Amino acid sequence: MARTLDTFGVPTDSGNGASTSGILQPKLNYRFRVVVAGFGGVGVSTQEFTRQVMNVSRPKVSHESIPLDSYNSRMYVMGKHTWEPITITLRDDIANNLTRLVGRQVQTQLDHRTQRGPSAGTNYKFSTLIEILDGNSGNATETWELEGCFVTNADYSQTDYAVSDPVTITLTLQYDNAMLNDDLMPEIPFQNNSSSAG
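Every residue gets a number counted from 1 within its own chain, in the order that chain's sequence is written. For this predicted model, a pLDDT threshold of at least 70 governs which residues receive local features, and a threshold of 80 or more governs which side-chain atom pairs are given and counted, while totals over whole chains, interfaces and linings are taken from all residues. Computation of side-chain values covers all heavy atoms of the structure but excludes hydrogens and water.

Some details on helix α2 (residues 97–109)
The way it works is that DSSP assigns letters per residue, a run of H or I at least four long becomes a helix, a run of E at least two long becomes a strand, and they are numbered from the N terminus. To estimate how far a helix should reach, multiply one less than its number of residues by 1.5 Å. The terminal C-alpha atoms of α2 lie 19 Å apart, and with 13 residues this matches the ideal 18 Å at 1.5 Å per residue to within 8%. Turning to α2, its buried residues are Leu98, Leu101, Val102, Gln105 and Gln109. Mapping the buried residues of α2 onto a view down its axis gives an arc of 95 degrees, with all of them on the same face. We call two residues in contact when some of their heavy atoms are within 4.5 Å. Buried residues in α2 make contact with α1 (47–51), β5 (86–91), β6 (126–133), β7 (140–155) and β8 (168–174). Only protein chains enter the area calculation, which uses a 1.4 Å probe; residues under 20% of their type maximum are buried, those over 50% are exposed, and those in between are partly exposed. What the arc describes is the spread of directions from the helix axis to the C-beta atoms.

Now the structure itself:
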């Protein structure tokens, strides 16, 4: 006897004997984790960053379309790709840990007091790991590793007597490359060189 749960979903076969396999549990928006490595400088603990993340956008990529004209027709080939910036919203904490951490990263990218910039991108770029979690074991079912990240915009938001919302910091990150690690692609070890905090 068929169970009602087995009949939900879209039929995968045509005809009178159409069968369904039910609906898989979807990924849920609130089950995620963000880890950064090298943010604010080498050896700086970034544990507070992970604890205070409110939301993050997933990577977006676009490819240029190059037309190739010929006798009676036109075809297209793929050109260069562009990784679109992502945004991360963080809760600012009462101990000022997050403001200091973001300030260190911004200052690492450009010393605003002396107006001196770093001599190479490796001196200020960091890595970002975005993980979609299973909600049970804390294991990731989807992992994005973003390489060559730097902050293009740090929005320290505003304060307001009329609301009870937490103070936030919203970061816009540009990155050089994004890699999706799953069963179809080899896993790439994430290099987290920051020290751990108790």
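On we go from here.
Some thoughts on the pattern of salt bridges
Salt bridges are defined as contacts in which a side-chain nitrogen from Lys or Arg sits within 4 Å of a carboxyl oxygen from Asp or Glu. For the structure on display, the rule yields six salt bridges. Among the salt bridges present, the one from Arg33 reaches Glu131, with a minimum N-O distance of 2.7 Å. Here Glu131 lies in strand β6 and Arg33 lies in strand β1 (residues 32–37), a separation of 98 residues in the sequence. Between Lys125 and Asp176 there is a salt bridge, with the nearest N and O atoms lying 2.7 Å from each other. Taken together, the residues span a long stretch of sequence, with Lys125 in the loop between α2 and β6 and Asp176 in the loop between β8 and β9 (177–181) at a distance of 51 residues. What you see here is one network of salt bridges that share partners, running through Lys27, Arg58 and Glu142.

Read these as spatial facts, not as claims about activity.
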